[in-house]
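One-letter residues, chain by chain:
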Amino acid sequence: MEIFYFLILILTVVFLAYNRVSLLMSMAIMIVLTVAWTELRHIVYVPSWFRFANGIVAVILIGFAITPLRRLLISDRLYGLFRKLLPTVSKTEQEALDAGTVWWDAEIFSGRPRWRKLLKVPAPALTEKEQAYLDGPVEELCRMTDDWEICETHRRLPDQVWDFIREHRMFGMIIPEEYGGLEFSAQANSAVVMKLASRNLTTAITVMVPNSLGPGELLLHYGTEEQKNHYLPLLARGEEIPCFALTSPSAGSDAASMSDVGIVCKGEHKGKKVLGLKLKWNKRYITLAPVATLLGLAFKARDPEGLLGGDEDLGITCALIPTDTPGVEIGTRHMPVGAVFMNGPTRGEDVFIPMDWIIGGQERIGQGWRMLMQSLAAGRSISLPALGVSGGKMTALMSGAYARIRKQFNIPIGKFEGIEEPLARIGGRTYRMDSARMLTLVALDQGERPGVLSAILKYQLTEGNRHCFNDAMDIHGGKGIITGPRNYLAHGYQAVPIAITVEGANILTRSLIIFGQGAIRAHPWLLKEMEAARNPRPEARKLFDRAIFSHVGHVISNMARSLLLGLTGGLATRSPVSGPTARYFRQVKRMCAAFSFTSDLVLLALGGSFKFKEKLSGRLADALIHLYMCSAVLKRFEDDGRPQEDLPFLVWAMDDSLYIVQESLKGVLENFPIPGIGRLVRWITFPLGAPYSPPSDRTGKQVAELLLSENVSRDRLVSGVYISDQDDASGRVHTAFHLALTSTNAENAIRNALNEPVTYENYPALVQKAVESGVITEEQATTVRLAQEAARAVIEVDEFTREEIEK
Ligand SMILES: Cc1cc2nc3c(=O)[nH]c(=O)nc-3n(C[C@H](O)[C@H](O)[C@H](O)COP(=O)(O)OP(=O)(O)OC[C@H]3O[C@@H](n4cnc5c(N)ncnc54)[C@H](O)[C@@H]3O)c2cc1C
């Protein structure tokens, strides 16, 4: 009986916390319950300790719910302590933290994502004009480009490709139509880059750069009317080739530490003495710099003579400098691996520019870092993720086909379980990457600039690309290694580190930015607490009180949710859908509560020093990333109309992601900074042990089978890439794959009847014999012959004379 009452008390508290009932309402409920239990004792047995315990909970809640009381007792005292503990944040750090908006990341941090909100987000779609552009000029550009020729023969894009890009205004995808640009959605911008990258990376990167962070984007948001009217039409037509120079030899990831400088002074411009800046810079790795006509430059502005009447250090500033300005040095090239897009250093010495060359004019002096961070918050989710997904789709397409064409031990290698594993990883990852790409683009097109999600996309989709290429290389064996016009993998494989490194190198992005920025921006209360603690005004204490008590309620609620959802295996929460994905909606919600609860405890234990604990931060980033990936996968399945045949991709992706979330949280708790607490929290978040396992062998087999045959799921998975119908490296694979599938029955018949497998070496005599003995028809024989010749063409690799190689 006593246990029964004990359970009632616990369940009452858990119920209130789980449902996030407000403090006032909870207080009222506990008072009513205390009175009710006291009265009930006349009718049934109610232990006195139980009535007392209900009363104690009610009294504690009174202390928490009555604001003047709790301020006096708790929050005003904590306020001073919090102010002292607040970490110092530099201006550039603060501007990076403030950049962009929060979106689905906030739902994950809440611990209780609202699925209906996600499911109401529109499905991704292109306009007719955008689709026609992809089917027209983009398809044609893909057809025009020859990867080997570009990378190895010309080592640059041929002139006709540059002309085509200009003619079709591909450099102006983000520029509004009123300035002569294409004014494409983020969805279309990504689709163009993805398709181009599936043919040739150099073309894709060349097109992508003027459409991402750089002069065009900065002018659009911050330029003066005069600057926009002058430059945007020229940029849209490709008459100005832009580049943007931020990185210096000494300042890579820590770009804000650059030593490039602009001193405010008077100087000569167009024959007149005007106020301006004398610049000195040394930048490297700048894409398009060797051919740029318009240099976007970031430097630190200083005003030692006080000509502007303010501080000496004015801060990072962005300017646009025509590259024919005296003193500007460009032209030499770096050689990035795997691609030959224009990239090189730029230097300048005593280059005088007038104030109106600053982007946004003189009033924007010192605002450069904020402008860059704001632009990056959106841009990071477009171009590089598109490259990553393109790699995933191409490796899925080509590896599945190759694994069906290539035989060893007289069996297509894709039928071996050892090859099934990497094939399944490519298929599942690509499905997940593309889901996240599309969902984030929809957010962008709705006006969001989701800084944390952009960092997630950049990191996760470029890492996914790396994994896909590694697996594809293993599947292809020597065929992937021997370079030449017949190799469709090697350049993509070589170029993998480029996307990993640019726009925030991946280790830094995972270890420092994703959780670090997420915890502050997307957390429902932390930023409010920090703002209140920094606020010198008298009302700050009231704001702090509200934030800190809401935060405590948030932690208690997530603790209750983690425990209850853990004990019920997620069944205590409802799924917004029924069917095979319902289970996943519940599990993701469960893990959001566990993630949010664990994050809060880590932040509480480490305070401001958490930013130096990159291993914990990295693991929490992994959990956050995969909770977002899970959300995107579930949303995509609904958007696609719940195609049951795609379930193997979904199940692989969800099982893999949930397992990563679980292992990441376990890793955090095993390394929790306060001994013993980690074990306790693990008991709350995983009360019945670790529930998730990596994708099963059965799921892996189903995914591999989808890639090894022609079917609608495979078509959906790879949609948006260029499928060559030419007699070239990838075109030959598509042809051979189709023929291999078509000729299977006839080849099996020959093997069974004549006891010899067909190979591209023995087929002429064997097929003839099979026809003569009536095993197959003449029509079937033709298909087998074509299939074997096509397979030979795929399996062959290039060879060169020694002179050609050793020249
Ligand atoms: C092909 C190419 C094109 C580029 N295009 C441009 C361009 O157009 N314009 C431009 O301005 N720049 C450009 N860049 C520069 C690019 O953005 C930088 O390379 C990038 O910022 C990293 O700097 P870094 O290479 O000096 O590496 P470093 O900063 O030296 O980093 C080396 C490693 O240390 C890690 N690291 C650094 N700090 C931390 C930390 N706090 N915690 C954990 N890990 C950390 C990084 O993640 C990385 O793995 C380009 C670079 C390349 C290679």
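These numbers were taken from a predicted model, which means no experiment stands behind them.

So, about the environment of valine 274. Within the element layout of this structure, valine 274 appears in strand S3 (residues 272–287). Residues valine 274 and proline 354 lie 80 residues apart in sequence; the distance between their C-alpha atoms is 6.6 Å.

Residues Leu277, Phe595 and Tyr628 are the most contacted members of the largest nonpolar core, which totals 182 residues. Broken down by element, the residue count for this core peaks at 14 residues, all from helix H25 (residues 614–639). Setting aside anything within four residues of it in sequence, one finds tyrosine 628 in contact with Trp103, Trp104, Ile108, Ala436, Leu439, Thr440, Leu453, Ile456 and Leu457. Core analysis: the second largest hydrophobic core is formed by 29 residues, Leu218, Ala251, Met371 and Leu376 among them.

Together, Ile66, Leu69, Leu72 and Leu73 make up a nonpolar patch on the protein surface, roughly 350 Å² of accessible area in all. The residue leucine 72 is located in helix H4 (residues 67–85) in this model.

This part covers the side chain of lysine 458. Secondary-structure assignment places lysine 458 in helix H18 (residues 451–476). Buried within the structure, lysine 458 lacks any salt-bridge partner; glutamate 503 is the closest side chain of opposite charge, at an N-O distance of 7.1 Å. Once residues lying within four places of it in the same chain are set aside, the contact partners of lysine 458 are Arg380, Leu384, Pro385, Ala499, Ile500, Thr501, Val502, Glu503, Gly504, Ala505 and Asn506.

Aromatic ring pairs: the centre-centre distance and the angle between the two ring planes describe each pair. Under the criterion given, the structure shown has 18 aromatic pairs. Taking 5.0 Å as the distance between ring centres and 85° as the angle between the ring planes, the aromatic pair formed by tryptophan 115 and phenylalanine 585 counts as edge-to-face. Here phenylalanine 585 lies in helix H24 (residues 582–606) and tryptophan 115 lies in helix H7 (residues 115–120), a separation of 470 residues in the sequence. The exposure classification of tryptophan 115 matches that of phenylalanine 585, with both residues buried. Measuring from ring centre to ring centre gives 6.2 Å for phenylalanine 515 and phenylalanine 595, while their planes differ by 85°; the resulting arrangement is edge-to-face. With phenylalanine 515 in helix H21 (residues 506–521) and phenylalanine 595 in helix H24, this residue pair connects regions lying 80 residues apart in the sequence. Overall, phenylalanine 515 belongs to the buried group, its relative accessible area being 0%.

Time to look at the site of the ligand. Around the ligand there are 20 residues in total, and Leu246, Thr247, Ser253, Tyr285 and Glu614 lie nearest to it. A distance of 3.1 Å separates an oxygen atom of the ligand from a polar atom in the backbone of leucine 508. Contact distances for the ligand include 2.8 Å between a nitrogen atom and a side-chain N or O atom of glutamate 614. For the ligand, whose free accessible area comes to 970 Å², the fraction covered by protein is 68%. Secondary-structure elements contributing two or more residues to the shell around the ligand are strand S1 (242–245), S3, helix H20 (490–501) and H21.

Looking now at the layout of surface pockets. Gaps left between atoms show up when a probe the size of a water molecule is rolled over them. Considering only enclosed or pocket space, the second largest pocket measures out at about 790 Å³ in volume. Along the walls of the second largest pocket sit 25 residues, with Val21, Ser22, Leu23, Ser26 and Gly553 positioned nearest its centre. The dominant element in the lining of the second largest pocket, judged by the number of residues it contributes, is helix H23 (residues 540–567), at eight residues. Taken together, the residues of the lining of the second largest pocket break down into 15 nonpolar, seven polar and three charged.

Glancing now at the pairing of strand S2 (residues 261–269). The sheet contact formed by S2 and S3 spans nine bridges and is antiparallel. Bridge pairing in S3 places valine 261 opposite lysine 280. The pairing of S2 with strand S4 (residues 294–302) spans three bridges and is parallel. Bridging across to S4, glycine 262 finds its partner in alanine 301.

Between the first and last C-alpha of H23 there are 40 Å, a value that for 28 residues agrees with the 40 Å anticipated at 1.5 Å per step. Positive backbone phi, approximately 60°, marks glycine 569, located one or two places after H23.

Applying the stated rule across the entire model yields one cavity of 30 Å³ or more. Its boundaries defined by the atoms lining it, the largest cavity holds a volume of some 30 Å³. Considering the residues around the largest cavity, the lining is formed by Lys479, Arg486, Tyr488, Ala729, Arg732, Val733, Ala793 and Val794. At the level of elements, helix H30 (729–742) and helix H33 (778–795) are the ones that each hand at least two residues to the lining of the largest cavity. Counting residues per element, the lining of the largest cavity draws most heavily on H30, at three residues. Classifying every residue of the lining of the largest cavity by side-chain character gives five nonpolar, no polar and three charged.

What counts, and at which threshold
Residues numbered from 1 in each chain as written. Predicted model: local features only at pLDDT ≥ 70, side-chain atom pairs only at ≥ 80, totals over all residues. Heavy atoms only, no water. Helix = DSSP H or I, 4+ residues; strand = E, 2+ residues; numbered from the N terminus. Core = buried A, V, L, I, M, F, W, Y, C linked by side-chain atoms within 4.5 Å. Buried < 20%, exposed > 50% of the residue type's maximum accessible area, 1.4 Å probe, protein only. Contact = heavy atoms within 4.5 Å. Patch = residues over 30% accessible without salt bridge, like charges linked within 9 Å, V, L, I, M, F, W, Y side chains within 5 Å. Areas by Shrake-Rupley, 256 points an atom, 1.4 Å probe, with all protein chains shown as cover. Salt bridge = Lys/Arg side-chain N within 4 Å of Asp/Glu carboxyl O. Lys, Arg positive; Asp, Glu negative; His and termini not counted. Phe/Tyr/Trp six-rings, centres within 6.5 Å; stacked < 30°, edge-to-face > 60°. Near = heavy atom within 4 Å. Polar contact = N/O pair within 3.5 Å; in protein donor to acceptor, adjacent residues only side chain to side chain. 1 Å grid on protein atoms, 1.4 Å probe; cavity = no way out; pocket = protein on both sides within 12 Å on 5 of 7 lines; lining within 4 Å. Points joined across faces, edges and corners; volume = space filled by probe spheres on them. Nonpolar A, V, L, I, M, F, W, Y, C, P; charged D, E, K, R; others polar. Pairing = 2+ DSSP bridges. Expected span 1.5 Å × (residues − 1).

By themselves, these figures tell us nothing about what the structure is for.
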